[in-house]
Amino acid sequence: MLQGKPKPPKDPEDERAIEFRAVDLLSRREHSAAELRRKLVHKGFAVEAVNAVLKRLQERQWQSNERFAESFFRQRVEQGYGPLRIRMEMSQKGLNDLEIEAVFTDFAPDWRELAKHRYQRRFGDANGNIAKLQQLEAKERAKRQRFLAQRGFTAEQVYAAIGAAEDDDNAAVF
């Protein structure tokens, strides 16, 4: 079955229908208010009615940007993404700078250690399976650096992770 344009609701102002759809979406996973608004308006509901429903859902604590931000942040960290990418994605999900900064302050992991773990998982462990990093060709080293950078780690975190993996590899040899 092809998915085209969504079937418009019978009454775009029907707040009960909007709430039903919003709760259905929230029952699957946390959503930011901006995400819910975008999805509901895309379904054909009126913006004013959607905003009224979202306000009620927030008053009841059924929708919380804070809870969404914490959940999203933890998920992305567990998937091995760095702070730059997580910030960008949170911003795209409609979270403001204060909400994003609060989560980073409360839950920030050791980004260098996370980058190192991600690097070792991708390119080998510290027990001699990592190719001698000092002997890597410039092209291979750049490829490895790009891998971490694309996952959202800062240049400082990338260099620290590769340096730590190099140190671990040297320690495993001796």
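The structure presented is a predicted model; accordingly, all values stated were derived computationally and were not measured.

S.K.: Would you mind showing me how to read a negative patch on the surface here?
M.R.: Together, D11, E13, D14 and E48 make up a region of like negative charge exposed at the surface. With respect to the element layout, E13 can be found in the segment before α1 (15-28). Residue classification places E13 among the partly exposed residues on the basis of a relative accessible area of 46%.

S.K.: Sorry, what's going on with the packing of aromatic side chains here?
M.R.: How two aromatic rings sit relative to each other is set out by the distance from centre to centre and by the angle between their planes. This structure, assessed with the given rule, holds 6 aromatic pairs. Where F68 meets F72, the ring centres are 5.7 Å apart and the plane angle is 25 degrees; that geometry is what we call stacked. Here the residue F68 and the residue F72 both occupy positions in helix α4 (residues 65-78), the gap between them amounting to 4 residues, near one helical turn. For the residue pair F68 and F72, the accessibility class agrees, reading buried in each case. Among the aromatic residues, those joined into a ring-pair cluster are F73, F104 and W111. The side chain of R87 reaches across the aromatic face of F104, ending 4.0 Å from its centre. For the cation-ring pair, R122 lies above F147, with the distance from its terminal atom to the ring centre recorded as 5.1 Å.

S.K.: It is not clear to me how the nonpolar core should be interpreted in this structure. Could you clarify?
M.R.: Nonpolar side chains in soluble globular proteins generally cluster together in the buried interior. By size, the foremost hydrophobic cluster in this structure holds 24 residues, and its most contacted members are F73, I86, M90, F104, W111, L148 and F153. Elements with a minimum of two residues in this core: α4, α5 (83-92), α6 (97-107), α7 (111-123), α8 (138-150) and α9 (155-173). Residue contacts for M90: discarding those within four places in its chain leaves A69, F72, F73, L95, I100, V103 and F104. Of all hydrophobic cores here, the second largest spans 13 residues; its members include L26, A49, V53 and L54.

S.K.: Help me understand helix α2 (residues 33-42) in this model?
M.R.: Think of an α-helix as 3.6 residues a turn; residues three or four steps apart then line up on the same face. Within α2, burial applies to A33, E35, L36 and L40. Down the axis, α2 shows its buried residues gathered within 160 degrees of arc, on one side only. Opposite the buried face of α2, by more than 90 degrees, sit the exposed residues R38 and H42. In this structure, the buried side of α2 is in contact with α1, α3 (47-59) and α4. G44 sits one or two residues past α2 and shows a positive phi near 110 degrees.

S.K.: Just checking my understanding: could you explain the packing of α7 against α8 for this structure?
M.R.: In a pair of packed helices, the angle between the axes and the distance between the axes together describe the arrangement. Between α7 and α8, the least distance of the axes is 10 Å, while the angle of their chain directions is 125 degrees. Classified by the interaxial angle, the pair formed by α7 and α8 is oblique. Of the two elements, α7 crosses α8, and the hand of that crossing is right-handed. Counting all contacts with α7, which are made through A115, R118, Y119, R122 and F123, the residues of α8 involved are E140, R144, F147 and L148. Here the contact of α7 with α8 is built from residues that sort into 5 nonpolar, no polar and 4 charged.

S.K.: Whenever I open this one, the side chain of S32 confuses me. Can you help?
M.R.: Of note, S32 is situated in the loop between α1 and α2. Within the structure, S32 has its side chain in polar contact with the backbone oxygen of K93 (distance 2.4 Å). S32 has contacts with Q63, N65, F68, K93 and L95, leaving out every residue within four places of it along the chain.

Calculation criteria
- Residues numbered from 1 in each chain as written.
- Predicted model: local features only at pLDDT ≥ 70, side-chain atom pairs only at ≥ 80, totals over all residues.
- Heavy atoms only, no water.
- Patch = residues over 30% accessible without salt bridge, like charges linked within 9 Å, V, L, I, M, F, W, Y side chains within 5 Å.
- Areas by Shrake-Rupley, 256 points an atom, 1.4 Å probe, with all protein chains shown as cover.
- Salt bridge = Lys/Arg side-chain N within 4 Å of Asp/Glu carboxyl O.
- Lys, Arg positive; Asp, Glu negative; His and termini not counted.
- Charge placed at Lys NZ, Arg CZ, Asp CG, Glu CD.
- Helix = DSSP H or I, 4+ residues; strand = E, 2+ residues; numbered from the N terminus.
- Buried < 20%, exposed > 50% of the residue type's maximum accessible area, 1.4 Å probe, protein only.
- Phe/Tyr/Trp six-rings, centres within 6.5 Å; stacked < 30°, edge-to-face > 60°.
- Lys NZ or Arg CZ within 6 Å of the ring centre and 35° of its normal.
- Core = buried A, V, L, I, M, F, W, Y, C linked by side-chain atoms within 4.5 Å.
- Contact = heavy atoms within 4.5 Å.
- Arc of directions from axis to C-beta.
- Axes fitted to C-alpha atoms, helices over the stretch in contact; angles between N-to-C directions.
- Parallel < 35°, antiparallel > 145°, perpendicular 65-115°, else oblique.
- Left-handed = near helix turned anticlockwise from the far one by under 90°.
- Nonpolar A, V, L, I, M, F, W, Y, C, P; charged D, E, K, R; others polar.
- Polar contact = N/O pair within 3.5 Å; in protein donor to acceptor, adjacent residues only side chain to side chain.

Function cannot be inferred from these measures alone, as they are strictly geometric.
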